[in-house]
Number of protein chains: 2
Amino acid sequence: MNPPTIKDVAKAANVSVATVSRVLHNLDGYSDKTKQIVMQAVEALGYQPNAIARGLVNKRTQTIGVLFPDVSSSFSSDILHGIEEIAQERGFSVIVCNTAEEGKRTLKYLQVLREKQVDGIVFTSEVLKDEYFQAIKDMRVPVILVNTMSQKHMIPYVKVDDRQAAYQATDYLIQKGHREIAMISGSLKDQIAGYPRLDGYRQALADNGIEYMESRVAIGDFELESSRKAMQKLLTEAPPFTAVFAASDEMAIGAMNYAMEQGLKIPEDLSIIGYDDLKFARMVHPPLTTIHQPLTLMGRMASEKLIALIEDKGSQVSSSIVSHHLVERQTVRSKP
Amino acid sequence: MNPPTIKDVAKAANVSVATVSRVLHNLDGYSDKTKQIVMQAVEALGYQPNAIARGLVNKRTQTIGVLFPDVSSSFSSDILHGIEEIAQERGFSVIVCNTAEEGKRTLKYLQVLREKQVDGIVFTSEVLKDEYFQAIKDMRVPVILVNTMSQKHMIPYVKVDDRQAAYQATDYLIQKGHREIAMISGSLKDQIAGYPRLDGYRQALADNGIEYMESRVAIGDFELESSRKAMQKLLTEAPPFTAVFAASDEMAIGAMNYAMEQGLKIPEDLSIIGYDDLKFARMVHPPLTTIHQPLTLMGRMASEKLIALIEDKGSQVSSSIVSHHLVERQTVRSKP
DNA sequence: TTGATTTACGTAAACGTTTAAGCAACCTTA
DNA sequence: TAAGGTTGCTTAAACGTTTACGTAAATCAA
């Protein structure tokens, strides 16, 4: 009635469970004949190993936990895709956790992951608060950061160089002949995707001898609605500009839509460049020129690193700054 | 050195493990004083239960597996979000599986889920092949279908009525005064999102006394590129039309972009209605009028049903046809 | 032939829980 | 006071594996 266990197989094959276990694992210590018999019994009973029991003795679950601020975002799910791909290749399962950016939920999830004895954790797109760090440290499993990093703790991470990418985006606009360039930034308190991108923008202006004007930067929250407002503000209050660098694709698109509604033509009247290259960047019209972040690749890399740490404790893995690149589509025009 | 176990707690509190287990589970059979002592020991040692050991004896892992054809799609990740939300509320973890629509991968994943002793499975957006069904049946855990169903097997599912939704989309165009209506459909072999939607379209035409013309339907694969081609074909080969119903948002957007590139104005020259209401439907310009599928809700419902089946075997849960609705944005105009 | 080595197993402990069964001490009740 | 109940525990088996250790038989070397 119950699923057959290794004992049932042993009984059926008239050997001990140790022998069954050994043939199942391709160890040695049995004759070819016994191997045949055991295999037949396995077949006949339809035996499937129980990973829970195995996990108990091995202290390994072949499972990793992944935390996202919002699993349903295009951003997160691309990363997840990469993580899952490698994990599955290497025989690991992944438990997804949606933190909703809430500390309580996050901590609760960390506890669940601990109780479930996951072998490692990847933590994405949020700042690693001290309490999270402590919780993870307590559970003594490796952790990899994706699209975030920690100054305070030496934890391997995978991310692009936001400052440099923002620099490049801005510089591109400048090379295209623009000199009055506005920016729609995320919160400056955001040490990952906020401040550094603004800083890259500022640096690019400086290096090209263009004055930085605070009145030309508006702050959003990386999402659509906020950037419509930001755009409205820029259009009414800022000194004139011919191009905008938005710190996320979603904000770029919000800005673009608002501008179009105001009768501006993109890119004829206004050039826009985004950041992320999410799937919908190429779906909008005109398709968005933007900074590409290789999210799936980042997920894969994180998975690789994590599994390396799990399988070879002792080994040190380093952080990776992955290379972004600018993808030219149709929202930026050359200014004569 | 090793994490403390229930035995360590027992030793520290000078009681048996059974007693510790009971106070941890709020059963009775101990005095208030012992409870205090045990709790103190738990605190002092920082004891955390081991869910693997627990799973072994309880034959319950509090884990469910979820299979997606493509985890990174906006569609899947919205469903996942809903599933995760309820699961976490009810104390379940979710393992994500990306089948990539490959039979081999799917079967491999089903085996992994079996070995990991998941308590239930949700299977989404793909036809449940016989071999999948057999594998799941063999593992004797409940399963819920989302955005798909099985004629052959009685398995509870959660989905919208595709035929009816397509009917409604088409009928809406007709009510808006259109009579020459093209359709960009998915593959007619697709028994879920392909044929039924075409059929709904056809039925709506018929009910309004409009002739169905095969030359006005083009076939795509639900994705962007295919619908550009489909649109091109319609524009060059089909009898003139004033509106298009696309069987997915992504196809609607591809069609829309192609039309705009050809100089058509949306919705002045051509009305378009989509299907899905994915996140980017409101991001494009003009924002897409479309059929809303409540994906997150569907995920939640699936989770609820699955957990009900897990917790109360014996109980029968029914399928749900969830209600879609049409969301009016700006890609359809009233024809005078 | 003898002793050593190898082969082919079996035995049993261990992993960290839950829980049925048992039991001593105390409390009722008649 | 004896029989029965209750309270507050402990003991030990069980869940399904892995694996260190033991051992009998077969093989080998000298």
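Residues numbered from 1 in each chain as written. Chains lettered and ligands numbered in written order. Predicted model: local features only at pLDDT ≥ 70, side-chain atom pairs only at ≥ 80, totals over all residues. Heavy atoms only, no water.

Attention shifts here to the sheet that holds strand β9 (residues 271–276) of chain A. Residues and elements named next belong to chain A. The six strands lie next to each other as β7-β6-β8-β9-β10-β12, forming an open sheet whose pairing is mixed. Two strands in the sheet have a free side with no partner beyond their single neighbour: β7 (217–219) and β12 (325–327). Ignoring strand direction, the axes of neighbouring strands in this sheet form an average angle of 20°. Direction of pairing for strand β6 (residues 181–185) relative to β7: parallel, over a ladder of three bridges. Looking at β7, one finds that M183 is bridged to V217. Across the sheet, helix α11 (residues 249–261) is in contact with β6, β8 (243–246), β9 and β10 (289–292); its angle to β9 comes to roughly 155°. (Pairing = 2+ DSSP bridges. Helix = DSSP H or I, 4+ residues; strand = E, 2+ residues; numbered from the N terminus. Axes fitted to C-alpha atoms, helices over the stretch in contact; angles between N-to-C directions. Contact = heavy atoms within 4.5 Å.)

Two numbers describe a pair of aromatic rings. These are the distance of the centres and the angle of the planes. All names here are of chain A. Applying the stated rule across the entire model yields six aromatic pairs over all chains. Taken together, a centroid distance of 6.2 Å and an interplanar angle of 75° make the contact between Y201 and Y212 edge-to-face. Here the residue Y201 occupies a position in helix α9 (residues 195–207), and Y212 occupies one in the loop between α9 and β7, the gap between them amounting to 11 residues. Judged by its relative accessible area of 0%, Y201 falls in the buried class. (Phe/Tyr/Trp six-rings, centres within 6.5 Å; stacked < 30°, edge-to-face > 60°. Buried < 20%, exposed > 50% of the residue type's maximum accessible area, 1.4 Å probe, protein only.)

A few words on the relation of the copies chain A and chain B. Each copy of the sequence occupies a distinct position, and chain A is placed on chain B by a rotation of 180° and an axial shift of 0.0 Å, giving an RMSD of 0.0 Å. When the rotation and shift are considered jointly, the pair of chain copies conforms to a two-fold rotation axis. Residues of chain A ranked by C-alpha distance from the rotation axis are headed by I95 of chain A, positioned 2.2 Å from it. Same-surface contact between copies: 100% of interface residues of chain A are shared with the interface of chain B. (Least-squares fit on C-alpha atoms with pLDDT ≥ 70 in both.)

Our focus in this paragraph is the protein's contact with DNA strand C. Taken together, 28 residues lie near DNA strand C, and S16, S31 and T34 of chain A together with I6 and H25 of chain B sit nearest. Near-protein atoms of DNA strand C (within 4 Å) split between backbone and bases, with sugar and phosphate holding 68%. Between Y47 of chain B and DNA strand C, the recorded distance is 2.9 Å, taken from a side-chain N or O atom to a phosphate oxygen. In the model, a base nitrogen of DNA strand C is placed 3.5 Å from a nitrogen or oxygen of the A53 of chain B main chain. Going through the elements one at a time, α2 (17–24) and α4 (51–58) of chain A together with α1 (6–13), α2 (17–24) and α4 (51–58) of chain B are the ones with two or more residues in the surface near DNA strand C. For the surface near DNA strand C, the per-class residue count stands at 12 nonpolar, 12 polar and four charged. (Near = heavy atom within 4 Å. Polar contact = N/O pair within 3.5 Å; in protein donor to acceptor, adjacent residues only side chain to side chain. Nonpolar A, V, L, I, M, F, W, Y, C, P; charged D, E, K, R; others polar.)

With that settled, the discussion passes to α2 of chain A. Residues three or four positions apart in an α-helix share a direction because the helix packs 3.6 residues into each turn. Residue and element names in this part refer to chain A. For α2, the set of buried residues is T19, V20 and V23. Seen end-on, α2 carries its buried residues on one side only, within an arc spanning 100°. Among the structural elements, α1 (6–13) and α3 (32–45) are those in contact with the buried residues of α2. With its phi angle positive at about 60°, N26 sits one or two positions after the end of α2. (Arc of directions from axis to C-beta.)

A word on the domain arrangement of chain A. Assigned domains within chain A: domain 1 (6–49), domain 2 (62–160 + 295–322) and domain 3 (162–293). Taken over C-alpha atoms, the centre of domain 1 of chain A sits 38 Å from the centre of domain 2 of chain A. (Domains from an automatic or database assignment.)

Right, let's talk about the packing of α1 of chain A against α3 of chain A for a bit. All names here are of chain A. Where α1 contacts α3, the two axes come as close as 9 Å, and the packing angle between them is 125°. Comparing their axes, α3 and α1 come out oblique. Judged by the sense of rotation from one axis to the other, the crossing of α1 with α3 is right-handed. On the side of α1, the interface is formed by D8, V9, A12 and A13, while α3 contributes I37, V38, A41, V42 and L45. Here the residues of the contact of α1 with α3 sort into eight nonpolar, no polar and one charged. (Parallel < 35°, antiparallel > 145°, perpendicular 65-115°, else oblique. Left-handed = near helix turned anticlockwise from the far one by under 90°.)

Let us now look at helix α3 (residues 32–45) of chain B. Residues and elements named next belong to chain B. Taking 1.5 Å of rise per residue, the 14 residues of α3 would be expected to cover 20 Å, and the 20 Å separating its terminal C-alpha atoms lies within 8% of that figure. Of all the positions in α3, only T34, V38, A41 and V42 are classed as buried. Mapping the buried residues of α3 onto a view down its axis gives an arc of 100°, with all of them on the same face. α3 presents D32, K33, Q40, E43 and A44 as exposed residues on the side facing more than 90 degrees away from its buried surface. (Expected span 1.5 Å × (residues − 1).)

What follows covers the interface of chain A and chain B. Contacts between the two partners involve 52 residues from chain A and, on the opposite side, 52 residues from chain B. Here chain A packs against chain B, burying approximately 4,800 Å² in sum over the two surfaces, 57% of which is carbon and sulfur. For the chain A face of the interface with chain B, the top three residues by lost area are I52, M283 and H285 of chain A, together amounting to 15%. The interface formed by chain A and chain B contains zero salt bridges. Our count for the chain A to chain B interface comes out at 18 residue pairs in polar contact (both at pLDDT 80 or more). When contributions to the side of chain A that touches chain B are tallied by element, the ones reaching two or more residues are α4, α5 (74–89), β2 (93–98), α6 (103–115) and α11 of chain A. Here the element with the most residues in the side of chain A that touches chain B is α6 of chain A; it accounts for seven residues. Within the side of chain A that touches chain B, the residues separate by chemical class into 20 nonpolar, 18 polar and 14 charged. One ladder, built from three bridges, connects β2 of chain A with strand β2 (residues 93–98) of chain B; its direction is antiparallel. Paired with I95 of chain A across the two strands is I95 of chain B, which belongs to β2 of chain B. (Buried area = accessible area lost by both parts, 1.4 Å probe. Salt bridge = Lys/Arg side-chain N within 4 Å of Asp/Glu carboxyl O.)

Residue and element names in this part refer to chain A. Residue placement: S187 occurs in the loop between β6 and α9. S187 sits 156 residues away from S31 along the chain, and the two C-alpha atoms are 68 Å apart. Those residues in contact with S187 that sit more than four places away from it in its chain are G194, Y195, I219, G220 and F222. There is a polar contact of 3.0 Å between the side chain of S187 and the backbone nitrogen of K189.

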